Amino acid sequence: FLVVILYKFRCIKLLTGYMILSSSILLGYLGMIMLKQAIEISSTTIDQLTFYFIIYNFAIVGVISIFYSKGIPQIITQGYLVATSV
């Protein structure tokens, strides 16, 4: 409901910020779940700092490729969009 009100009053920058924040949270959370599964399946160990760095990098690069896709190959943007939709 709040999104509709913001759109009605033309608060596009606020809506864009909300979409960027929600996409980064979604990519970070889903990336964490996928990485945990990959680590468990492959029976490898990884320290916590590296794990969170990979998750942070995945989320930030995903947001940049989705919202600021100028100069980024289309296959990367499509891959992050698929990761977001799954």
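This text gives an overview of the structure that appears in the document. Worth saying up front: this structure is predicted, and the values here are computed from it rather than measured. (Residues numbered from 1 in each chain as written. Predicted model: local features only at pLDDT ≥ 70, side-chain atom pairs only at ≥ 80, totals over all residues. Heavy atoms only, no water.)

1. Re the packing of helix H2 (residues 12–42) against helix H3 (residues 48–67)
Stage number 1. The geometry of H2 relative to H3 is characterised by a closest axis approach of 8 Å and an angle of 135° between their N-to-C directions. One finds that H2 runs oblique with respect to H3. Between H2 and H3 lies a crossing of right-handed hand. Taking contact as the criterion, the partners of Met19, Ile20, Ser23, Ser24, Leu27, Gly28, Gly31, Met32, Met34, Leu35, Lys36 and Ile39 in H2 are, on H3, Phe51, Ile54, Ile55, Phe58, Ala59, Gly62, Val63, Ile66 and Phe67. (Axes fitted to C-alpha atoms, helices over the stretch in contact; angles between N-to-C directions. Helix = DSSP H or I, 4+ residues; strand = E, 2+ residues; numbered from the N terminus. Parallel < 35°, antiparallel > 145°, perpendicular 65-115°, else oblique. Left-handed = near helix turned anticlockwise from the far one by under 90°. Contact = heavy atoms within 4.5 Å.)

2. What to know about H2
Stage number 1. The first and last C-alpha atoms of H2 sit 44 Å apart over 31 residues, in line with the 45 Å expected at 1.5 Å per residue.
Stage number 2. When H2 is considered as a whole, its buried residues turn out to be Leu15, Ser23, Ser24, Leu27, Gly28, Gly31, Leu35 and Ile39.
Stage number 3. Buried residues in H2 make contact with helix H1 (2–8), H3 and helix H4 (74–85). (Expected span 1.5 Å × (residues − 1). Buried < 20%, exposed > 50% of the residue type's maximum accessible area, 1.4 Å probe, protein only.)

3. So, a nonpolar patch on the surface
Stage number 1. Side chains of Val3, Tyr18, Met19, Tyr56, Ile60, Ile64, Phe67 and Tyr68 sit close together on the surface and give an oily, nonpolar patch of about 760 Å² of accessible area.
Stage number 2. Ranked by the residues each element gives to the nonpolar patch, the list is headed by H3, at four residues.
Stage number 3. As for its placement among the helices and strands, tyrosine 68 is situated in the loop between H3 and H4.
Stage number 4. On the basis of relative accessible area, tyrosine 68 is assigned to the exposed category, the value being 51%. (Patch = residues over 30% accessible without salt bridge, like charges linked within 9 Å, V, L, I, M, F, W, Y side chains within 5 Å. Areas by Shrake-Rupley, 256 points an atom, 1.4 Å probe, with all protein chains shown as cover. Salt bridge = Lys/Arg side-chain N within 4 Å of Asp/Glu carboxyl O.)

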